Amino acid sequence: MTDPKVYLLDGGTLVIDESDVHWHINAGNPVRFPVYSVLIEHSDALILYDTGFDLDHVNRVLPFELPEQTAEQTIPAQLAKIGYAPEDVDIVVNSHFHFDHVGGNRFLTEATTLVHKEELRHAKVPEPFERLGYSDLSFDHETVTYKPISGDYEVVPGVWLFETPGHTIGHYSLLVELQNEKSMLFCGDAAYTRTTLEKEWIAGFHLDPTKSVEAIRRLNYLARTKNADVYPSHELEPFSTWKLAPEYYGGN
Ligand SMILES: [Zn+2]
């Protein structure tokens, strides 16, 4: 059977302090990092995992993150590179509802939005320290179709969501099983960087530090047992070495 094609969509970059990337590490050192989405062209559905940030929203609400996003780095433009329009996407999955993972949802008007039921509830009533993280609720428009889920979940055959809470209450990481090359494990914000995975250094942003550590251990376990390459969410290098759309992984 042919493997699905997996495209990485470049969504631009943001800046945060290194102590937000790794809790208590190197405070005062600004770090620029990439934001990306994952498009899976599967025989059963066209699936998009995360949708990046909305430039206007960040400029308005979080300008200190110094957003850089060209017109080519928006979701519609990235999809167009592969020959798709936003309406072609069948299923949107957001790892979680932080602003830099949901900014393009509003374009995906024909899709069903898969979301952990706890994340959906929590985004609307976050803890005070989570307010900026959950500041972009543009995904919650009148016509959105939610499918609230919980537990580990197989979206279509070979495309899995694994619960990795801690960073947020209902965080999901994504495993795309490939038969003819290494499978791909997208960490979402359960692991911003390779160092997160190696040293079990959780992000400065988190709801629950203990669960965050457990999520990192789960990702390392999954990478090992599923023979998968890991893709952290926010680290310029290795991002700069990955194939970006219109190039793809899988498809063989
Ligand atoms: Zn986040």
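Look a little higher up for the structure.
My aim in this report is to walk through the structure given alongside it, one point at a time. (Residues numbered from 1 in each chain as written. Predicted model: local features only at pLDDT ≥ 70, side-chain atom pairs only at ≥ 80, totals over all residues. Heavy atoms only, no water.)

### Observations regarding the side chain of E18
Next, step 1: By the secondary structure assignment, E18 is in helix α1 (residues 18–21).
Next, step 2: K199 is the oppositely charged side chain nearest to the buried, salt-bridge-free E18, at an N-O distance of 11 Å.
Next, step 3: A polar side-chain atom of E18 sits 2.5 Å from a polar atom in the side chain of N29.
Next, step 4: Every residue in contact with E18, bar those within four places of it in the chain, is listed here: I25, N26, N29 and V31. (Helix = DSSP H or I, 4+ residues; strand = E, 2+ residues; numbered from the N terminus. Buried < 20%, exposed > 50% of the residue type's maximum accessible area, 1.4 Å probe, protein only. Lys, Arg positive; Asp, Glu negative; His and termini not counted. Salt bridge = Lys/Arg side-chain N within 4 Å of Asp/Glu carboxyl O. Polar contact = N/O pair within 3.5 Å; in protein donor to acceptor, adjacent residues only side chain to side chain. Contact = heavy atoms within 4.5 Å.)

### Thoughts on the nonpolar core
Next, step 1: One finds V38, I47, L174 and F186 to be the most contacted residues of the largest nonpolar core, which totals 26 residues.
Next, step 2: Looking at this core, the elements that each hand over two or more residues are β1 (5–17), β2 (30–41), β3 (46–49), β4 (91–93), β7 (153–156), β8 (159–163), β9 (172–176) and β10 (183–188).
Next, step 3: Ranked by size, the runner-up nonpolar core spans 14 residues in total, among them A191, I216, L222 and A228. (Core = buried A, V, L, I, M, F, W, Y, C linked by side-chain atoms within 4.5 Å.)

### Side note on the environment of R60
Next, step 1: Counting through the fold element by element, R60 comes out in helix α2 (residues 55–61).
Next, step 2: Along the sequence, R60 and E154 sit 94 residues apart, while their C-alpha atoms lie 37 Å from each other.

Function cannot be inferred from these measures alone, as they are strictly geometric.
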